[in-house]
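Coordinate inspection notes
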Amino acid sequence: MKILVCISHVPDTTTKINFTPDNKSLITQGVQFIINPYDEIALTRALELTEKSGGSVTVINVGEATTEPTLRKALAIGAADAVRINAQPREAFFVATQIAEYIKKTPYDLILCGRESIDFNSGTVPSMVAEMLGIPSVAISKTIQVENGKAVIEREIEGGKEVIECALPLIAGCSESVAEPRIPNMRGIMSARTKPLVVVEPVQTETFTKVAGYDKPAPRSSVKLVDAAEPGKLLELLHTEKKVI
Amino acid sequence: MTDRFTAPDYYWIDELLTEEQKLVRNSVREWVKKEISPIIEQAAQKAEFPKHLIKGLAHIGAFGPYLPQQYGGGGLDQVSYGLIMQELERGDSGIRSTASVQSSLVMYPIYTYGSEGQRKKYLPKLATGEWMGCFGLTEPDFGSNPSGMLSNFKDKGDHVILNGSKMWISNAPFADVAVVWAKDEKGEINGLILERGMKGFTTPETHGKWSLRASATGELVFDNVKVPKENIFPNVKGLKGPLGCLNSARYGISWGAVGAAMDCYDSALRYSKERIQFGKPIGAFQLTQKKLAEMITEITKAQLLCWRLGVLKNENRATPAQISLAKRNNVNMALEIAREARQIHGGMGITGEYPIMRHMMNLESVITYEGTHDIHLLITGMDVTGISAFE
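In this text, all values refer to a predicted model and were calculated from it rather than measured experimentally.

1. Let's talk about the overall build of chain A
Looking only at helices and strands, chain A features 6 helices and 11 strands. Here chain A holds 245 residues, and 40% of them are scored as buried. Long-range pairs, those at least 24 residues apart, make up 70% of the contacts in chain A with a sequence separation of at least 6. Accessible surface computed for chain A: about 13,300 Å², of which carbon and sulfur atoms make up 53%. Averaging the locations of the 27 positively and 30 negatively charged side chains of chain A gives two centres separated by 4 Å.

2. Describing the pattern of salt bridges
Considering all chains together, one arrives at 31 salt bridges over all chains under this definition. The shortest N-O distance in the salt bridge between Arg119(B) and Glu116(B) comes to 3.3 Å. Remark: Glu116(B) and Arg119(B) occur in helix H5 (residues 116-127); sequence separation between them is 3 residues, near one turn of the helix. Here Glu116(B) falls in the partly exposed class, since its relative accessible area comes to 34%. The partner of Glu298(B) in a salt bridge is Lys301(B), and the shortest N-O contact between them spans 2.8 Å. Of this pair, Glu298(B) and Lys301(B) both sit in helix H7 (residues 286-314), 3 residues apart, roughly one helical turn. Three or more residues joined by partner-sharing salt bridges are found here, namely Glu40(A), Lys73(A) and Glu30(B).

3. Details of the pairing of strand S6 (residues 110-114) of chain A
Residue and element names in this part refer to chain A. Along S6, 5 of the 5 residues are buried, which leaves the element largely enclosed by surrounding structure. Residue alternation in S6 divides its side chains into two sets, Leu 110, Leu 112 and Gly 114 and Ile 111 and Cys 113, and both sets are buried. Bridge count between strand S1 (residues 2-6) and S6: 3 bridges; the pairing is parallel. When the bridges of S6 are listed, Ile 3 appears paired with Leu 110. Where S6 lies against strand S10 (residues 170-174), 5 bridges are found, and the strand directions are parallel. The residue of S10 that forms the bridge with Leu 112 is Ala 172.

4. Some remarks on the domain arrangement of chain B
Residue and element names in this part refer to chain B. One can read the domain layout of chain B as domain 1 (13-127), domain 2 (133-231) and domain 3 (240-385). A straight line from the C-alpha centre of domain 2 to that of domain 3 covers 30 Å. Contact residues are listed per partner, giving 9 residues for domain 2 and 10 residues for domain 3. Here domain 2 and domain 3 share an interface that buries about 820 Å² over both sides, 75% of which is from carbon and sulfur atoms. Connecting domain 2 to domain 3 are 0 salt bridges. On inspection of domain 2 and its partner domain 3, the count reaches 4 residue pairs in polar contact (both at pLDDT 80 or more).

5. Focus on the layout of surface pockets
Residue and element names in this part refer to chain B. As a volume, the second largest pocket reaches approximately 1,200 Å³. Every element with two or more residues in the lining of the second largest pocket is listed here: helix H4 (93-113), strand S1 (133-136), strand S3 (159-170), helix H6 (240-274), helix H8 (320-344) and helix H10 (373-385). Of the residues in the lining of the second largest pocket, the class split is 20 nonpolar, 17 polar and 6 charged.

6. Quick notes on the side chain of Gln98(A)
Inspection of the secondary structure puts Gln98(A) in helix H3 (residues 92-105). Excluding its chain neighbours within four sequence positions, the residues that come into contact with Gln98(A) are Val62(A), Ile85(A), Pro202(A), Val203(A) and Thr205(A).

7. Comments concerning the packing of H6(B) against H7(B)
The relative placement of two packed helices is expressed as an angle between their axes plus a distance between the axes. All names here are of chain B. Remark: H6 packs on H7, axes separated minimally by 10 Å, with the N-to-C direction vectors making an angle of 155 degrees. Considering their axes alone, H6 and H7 lie roughly antiparallel with respect to each other. Between H6 and H7 lies a crossing whose hand is left-handed. Across from Ser 248, Tyr 251, Ser 254, Trp 255, Val 258, Ala 261, Met 262, Tyr 265, Ala 268, Leu 269 and Ser 272 in H6, the residues of H7 making contact are Thr 288, Leu 292, Met 295, Ile 296, Ile 299, Ala 302, Gln 303, Cys 306, Trp 307, Leu 309, Gly 310 and Lys 313. Residues that form the contact of H6 with H7 fall into these classes: 16 nonpolar, 6 polar and 1 charged.

8. With respect to H10(B)
All names here are of chain B. For H10, spanning 13 residues, the distance from its first C-alpha to its last is 19 Å, which sits close to the expected 18 Å at 1.5 Å a residue. Within the sequence span of H10, burial applies to His 373, Ile 375, His 376 and Ile 379. Next to the buried residues of H10 lie H6 and H8.

9. Notes on the packing of helix H1 (residues 37-53) of chain A against helix H2 (residues 68-77) of chain A
Residue and element names in this part refer to chain A. At a minimum axis distance of 10 Å, the contact between H1 and H2 shows a crossing angle of 30 degrees. Classified by the angle their axes make, H1 and H2 are roughly parallel. Crossing geometry of H1 relative to H2 is assigned as right-handed. Residue-level inspection shows Glu 40, Leu 43 and Leu 47 of H1 in contact with H2, the latter providing Lys 73, Ala 74 and Ile 77.

Reading guide: rules and limits
- Residues numbered from 1 in each chain as written.
- Chains lettered and ligands numbered in written order.
- Predicted model: local features only at pLDDT ≥ 70, side-chain atom pairs only at ≥ 80, totals over all residues.
- Heavy atoms only, no water.
- Helix = DSSP H or I, 4+ residues; strand = E, 2+ residues; numbered from the N terminus.
- Buried < 20%, exposed > 50% of the residue type's maximum accessible area, 1.4 Å probe, protein only.
- Contact = heavy atoms within 4.5 Å.
- Areas by Shrake-Rupley, 256 points an atom, 1.4 Å probe, with all protein chains shown as cover.
- Lys, Arg positive; Asp, Glu negative; His and termini not counted.
- Charge placed at Lys NZ, Arg CZ, Asp CG, Glu CD.
- Salt bridge = Lys/Arg side-chain N within 4 Å of Asp/Glu carboxyl O.
- Pairing = 2+ DSSP bridges.
- Domains from an automatic or database assignment.
- Buried area = accessible area lost by both parts, 1.4 Å probe.
- Polar contact = N/O pair within 3.5 Å; in protein donor to acceptor, adjacent residues only side chain to side chain.
- 1 Å grid on protein atoms, 1.4 Å probe; cavity = no way out; pocket = protein on both sides within 12 Å on 5 of 7 lines; lining within 4 Å.
- Points joined across faces, edges and corners; volume = space filled by probe spheres on them.
- Nonpolar A, V, L, I, M, F, W, Y, C, P; charged D, E, K, R; others polar.
- Axes fitted to C-alpha atoms, helices over the stretch in contact; angles between N-to-C directions.
- Parallel < 35°, antiparallel > 145°, perpendicular 65-115°, else oblique.
- Left-handed = near helix turned anticlockwise from the far one by under 90°.
- Expected span 1.5 Å × (residues − 1).

Right, dumping it as structure tokens:
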């Protein structure tokens, strides 16, 4: 089974976010970039599936050369080879187009992604890629099994779960419960040195969104404690001060 | 308590590291957060070595990371080795000590001074943690002056008979293999590989330590131990054998101390912003800021010292005296920072809720073992004046 795992290169979760004076881009000085944690889960599940039933795992990223350390980490974790589409990942449609065009030329049995990336959190790339390729997609998977050429996926639904059986090829977005991410070991890091990392030029495509500006959320205000014996006061505050009821 | 550690990098020293070095460092950092931080306080409180970590330490590559892959090593460079030690000691000095001993004091001498047969027999199993090792140099009456050692062996044809004892030996209580330094009949120091189970070889545990409590320490006792001659290192004689090992281990300690200091600083910085006194965070007071500013200054200097020493080691140019300077400076720096960080934490600093006291107590051993603070000063003194002040 050939599995492709889509990897986003995102700021570490502990990053202190600051923007350039025009508020249109992130200041990356001193920012540590990591594999999107949900993509790491997808990668681990892909490795588990191929370790069980054979096959190979390729990782793909749409990004400039600065994202290569992230792909090397994916290789150190266990992917066999990596592909970098040499372009700035401007927005979800652009990224999805690049990935779909690559898959059209190099088909895979299963394409795994994180349910969303933790930088822009749109969670739309997997569905867009599926639409562009005309294959099924499951946006937020809880578990992924592959048996007899078919995928069995548990999916989150309101108040419960849904079990889906689906023919391959298929694209799925992975959530936390799909796998426990692996930490690369020294042997993996050493072998990643010589694994292939192919750079592919992007296809021309439109972009439909542009950044108007970024703003940080307002700082959290202080907590106001209301005596448990005075629930009416809480209601009054929610009504008059917060205006939520 | 969740490990909220964020590594300080005031001078963007990460830019001096290769992507591979950063990947090694980050992988070990992640492993420490996942495996060491949740259990270490309890292990230290109970004075128990968390033996279950051995498999994980081997898996991430903490045993012999700079030795060639054909013997089970990682094939990494010296800066990567240092970064591994930094991250392990950020978790706990006791765990770093276990990895230091295995790598620099057991695997390194077997690789450097051992025969091909010795390398093939021991190194792969030591790399996977299937066998754990210890290093016997210090004796009850010979610490800073190892050349006076009393442990000795007599030639009996195809084997030797070893007598004597060693003290303050990390990993001794559970080690399968011991690299032991003893004198032959001519009074020359030789290295021997002992295996658990050899008749007359025992390893009683040292109890009641207030330091390195999550690491096992013991003695090595040799009572007419019959050691096959093929277990003697063929390629080294004299004090340069054990001192070569100590150079490698001391280099790792100079990085490890930075890890302990970083953890104390990070905890103190966070605490100083969260702890409110007189209506504002204690980090707003000048005296707290002085402590924190001096901490980050010293950590930054120590980080640069380590990085430069690592580059020199990679080029095979680092001198023993340069390593002494780094070990002495960095361990003392870490101990001072632990003490200042303890003050910032106030009463909370003495509890196991924070890592400060554990690091501080650990560092009291680290400042003494592998060459005391004073002995390293004399090594630097001798190096700059050309005059020995040891005797």
